[in-house]
Every structure is written in structure tokens, then in C-alpha cells.
Amino acid sequence: MRGVKCKLVVFGIFFLAPFMLLAHGVSSADQEILNTGGLLSYIYVGAKHMVTGYDHLLFLVGVIFYLNGFKDIVRFITVFTLGHSITLIGATYLGIKADEHLIDAVIALSVLYKGFENLGGFEKYLKLKSPNLLFMVFLFGLIHGFGLSTRLQSFDIGNSQFLTKIVSFNIGVELGQIAALIPIVFLITKWKSKKSYDSFYKAANFYLIIAGVALFVYQIHGYLNGAH
């Protein structure tokens with residue numbers, strides 16, 4: 001019975017994720033905040049974007065599942081942060097753009113990848129050793145950062161204090177990431193001591209795969225039905 005309840009809770013969270021992702025885009029309200037709020041507004045909007053960036057958070061959930069101990073979590077999250085900061089700041093400053101649907105489709109595949117890896121998919125189905133996780137987290141961090149850059153470039157941020165605004169947005173992203181991860185890390189760490197953890201682990205990573213596929217299809221559909 002506990003296993004069923006566990007699966008239902010996890011299913012609810014991950015099933016709703018693609019629909020909650022609708023809050024992940026840019027809005028006229030955010031643009032107005034940036035127009036009138038100064039540099040602090042860029043920190044706020046960056047934090048808000050990360051907290052509602054369920055594709056980013058689902059990937060990090062998958063990473064946290066794989067890790068043991070606080071030091072490991074800090075090390076891997078730092079590498080992910082370094083990766084997405086490089087492309088967020090660099091691509092925005094240089095004006096390098098890509099279609100947001102295609103970038104988000106790749107980010108969706110990173111969610112699928114992590115669930116597949118956590119369930120031993122490489123060894124079971126591909127008969128291969130999993131790629132180095134630290135390298136993959138950095139690589140996906142670069143991709144996630146490019147996705148964040150496409151969002152920031154959707155705003156009109158003007159030319160004044162251009163780099164400072166980008167860095168402020170990035171600081172907000174980091175603060176939002178920390179705020180979102182604290183309860184996630186707490187939940188997973190506490191659950192590890194429970195008998196139901198194995199069921200929770202399998203169900204959560206299975207639904208990471210489902211969420212990754214759903215988000216990928218959603219973004220490809222958006223791309224194909226856009227101005228292309």
C-alpha cells in the first residue's frame with residue numbers, strides 16, 4: 001500500500017510538471033519589472049525563472065538521486081552552475097541565439113537521460129558503461145545555460161549596464177536554484193532512511209523518463225507549429 005501511495009505521489013508531481021512548465025516563459029509583467037526595478041529586478045526575475053524552470057529542476061533532481069553525501073551534492077551542483085553560468089552570460093553578451101523550443105527539447109532529453117542512467121539503462125539495455133557523470137553534468141549545464149540565455153534575450157534589457165544586468169540575472173538564477181533545491185535535497189535525504197525509498201527511487205526515475213519524453217514532444221510540437 002505504501003508503495004502504491006509513493007508511486008501516486010511521484011506520478012502526480014512529474015505528470016503535472018509539463019503543464020507547470022507554462023509558467024517558465026517570459027511575460028509582459030516581468031518585462032515591466034525589469035523596466036522599473038533596476039538591477040535588483042534582474043535578480044528577482046532570474047530567481048523566479050529558475051524556481052519555475054521545472055525542466056532544469058527535474059534534471060537536478062535526477063542528479064541528486066545519484067549522489068551520496070552533502071559534499072558530493074555541492075560538487076556536482078557547483079559544476080552544473082559553472083556550466084550554465086558560462087553559456088548564460090557568454091551567449092547573452094555575444095548575442096548568440098537559438099530557437100527556444102529546440103534548446104528546451106535538448107534540455108528535456110537531459111531529464112530523460114538522467115532517469116535512464118539512474119535506473120541502470122546504459123548497462124541493462126545498451127551494455128555500455130555510463131558516461132562520466134561529472135562531465136555530463138557540466139555538458140548539460142552548458143546546454144541549460146543556453147536555454148536560460150534564450151529566455152533573457154527575449155526581454156528588452158537595453159544597452160545601459162548590459163553586462164551587469166546579465167550577471168544580476170545569473171545571480172538570481174543561482175539564488176532561485178538554491179531555494180528550490182533545499183527542500184528537494186531535504187526530502188530525498190530523509191527518504192533514504194525509509195523502507196519505501198527503493199520504490200520511491202524507481203518510481204521517481206521512471207517518471208523522470210516520462211516527463212523528459214513529454215517535455216521533448218511538447219517542445220518539438222511548439223517548434224513545428226511555430227514560424228518555421
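Residues numbered from 1 in each chain as written. Predicted model: local features only at pLDDT ≥ 70, side-chain atom pairs only at ≥ 80, totals over all residues. Heavy atoms only, no water.

> So what about the overall build of the protein? Which residues, and what values?
Scanning the protein from N- to C-terminus turns up 10 helices and zero strands. Ordered by position from the N terminus, the helices and strands of the protein form the series α-α-α-α-α-α-α-α-α-α. In the protein, which comprises 228 residues, the share counted as buried stands at 47%. The long-range share in the protein, meaning contacts at least 24 apart out of those at least 6 apart in sequence, stands at 84%. Here the protein displays about 11700 Å² of accessible surface, and carbon together with sulfur accounts for 70% of that area. (Helix = DSSP H or I, 4+ residues; strand = E, 2+ residues; numbered from the N terminus. Buried < 20%, exposed > 50% of the residue type's maximum accessible area, 1.4 Å probe, protein only. Contact = heavy atoms within 4.5 Å. Areas by Shrake-Rupley, 256 points an atom, 1.4 Å probe, with all protein chains shown as cover.)

> Give me a nonpolar patch on the surface: which residues, what numbers.
Taken together, Tyr93, Leu94, Ile96, Leu163, Val167, Ile171, Leu175, Ile178 and Ile182 make up a surface patch of nonpolar side chains, about 840 Å² in accessible area. Among the secondary structure elements, those contributing two or more residues to the nonpolar patch are helix H5 (70–94) and helix H9 (162–191). Its location among the elements puts Ile182 in helix H9. Using a relative accessible area of 55% as the deciding quantity, one classes Ile182 as exposed. (Patch = residues over 30% accessible without salt bridge, like charges linked within 9 Å, V, L, I, M, F, W, Y side chains within 5 Å. Salt bridge = Lys/Arg side-chain N within 4 Å of Asp/Glu carboxyl O.)

> Could you give an account of the packing of helix H4 (residues 54–66) against helix H8 (residues 133–152), naming the residues involved and the relevant values?
Packed helices, taken two at a time, are described by the angle their axes make and the gap between the axes. At a minimum axis separation of 11 Å, H4 and H8 run at an interaxial angle of 170 degrees. Considered as vectors, H4 and H8 are oriented roughly antiparallel to each other. Contacts between H4 and H8 involve Asp55, His56, Phe59, Val63 and Tyr66 from the former and Leu133, Val137, Phe140, His144 and Leu148 from the latter. When its residues are assigned to classes, the contact of H4 with H8 shows seven nonpolar, two polar and one charged. (Axes fitted to C-alpha atoms, helices over the stretch in contact; angles between N-to-C directions. Parallel < 35°, antiparallel > 145°, perpendicular 65-115°, else oblique. Nonpolar A, V, L, I, M, F, W, Y, C, P; charged D, E, K, R; others polar.)

> Which residues make up the packing of helix H3 (residues 39–51) against H9, and what values go with them?
Relative to each other, H3 and H9 sit at 40 degrees, their axes nearing to 6 Å. One element, H3, and the other, H9, form an angle in the oblique class. Along this stretch, H3 crosses H9, giving a crossing that reads as right-handed. Contacts from Leu39, Tyr42, Ile43, Val45, Gly46, Ala47, His49, Met50 and Val51 of H3 reach H9 at Thr164, Lys165, Ser168, Phe169, Gly172, Val173, Leu175, Gly176 and Gln177. Split by residue class, the contact of H3 with H9 holds 10 nonpolar, seven polar and one charged. (Left-handed = near helix turned anticlockwise from the far one by under 90°.)

> Which residues make up the environment of Ala180, and what are the values?
In this fold, Ala180 is placed in helix H9. Given a relative accessible area of 14%, Ala180 falls into the buried group.

> Summarise the side chain of Ser85; cite the residues concerned and give the values.
Summarising the element assignment, Ser85 is placed in helix H5. The class for Ser85 is buried, based on a relative accessible area of 15%. With residues near it in sequence (within four places) discarded, Ser85 still touches Gly90, Asn170 and Glu174.

> Go over the side chain of Ser110, please, and point to the residues and values.
Relative to the helices and strands, Ser110 resides in helix H6 (residues 100–118). For Ser110, a relative accessible area of 0% gives the class buried. Among the polar contacts listed, one links the side chain of Ser110 to the side chain of His144, at a separation of 3.0 Å. Residues within four places of Ser110 in sequence aside, it is in contact with Phe59, Phe140 and His144. (Polar contact = N/O pair within 3.5 Å; in protein donor to acceptor, adjacent residues only side chain to side chain.)

> Can you tell me about the pattern of salt bridges, naming the residues and giving the values?
Within this structure, the stated rule accounts for four salt bridges. With its nearest N and O atoms 3.1 Å apart, the salt bridge here joins Asp72 to Arg75. Taken together, the residues Asp72 and Arg75, both in helix H5 and three residues apart, mark about one turn of the helix.

> Hey, could you go over H4 for me, with residue numbers and the actual values?
Think of an α-helix as turning once every 3.6 residues; residues three or four places apart then point the same way. Look at H4: 19 Å from first C-alpha to last across 13 residues, which is about the 18 Å you get at 1.5 Å a residue. Across the 13 residues that make up H4, a large majority, 11, are buried. Three or more residues of H4 are buried, namely Asp55, His56, Leu57, Leu58, Phe59, Leu60, Val61, Gly62, Val63, Ile64 and Phe65. (Expected span 1.5 Å × (residues − 1).)

These figures capture arrangement, not role.
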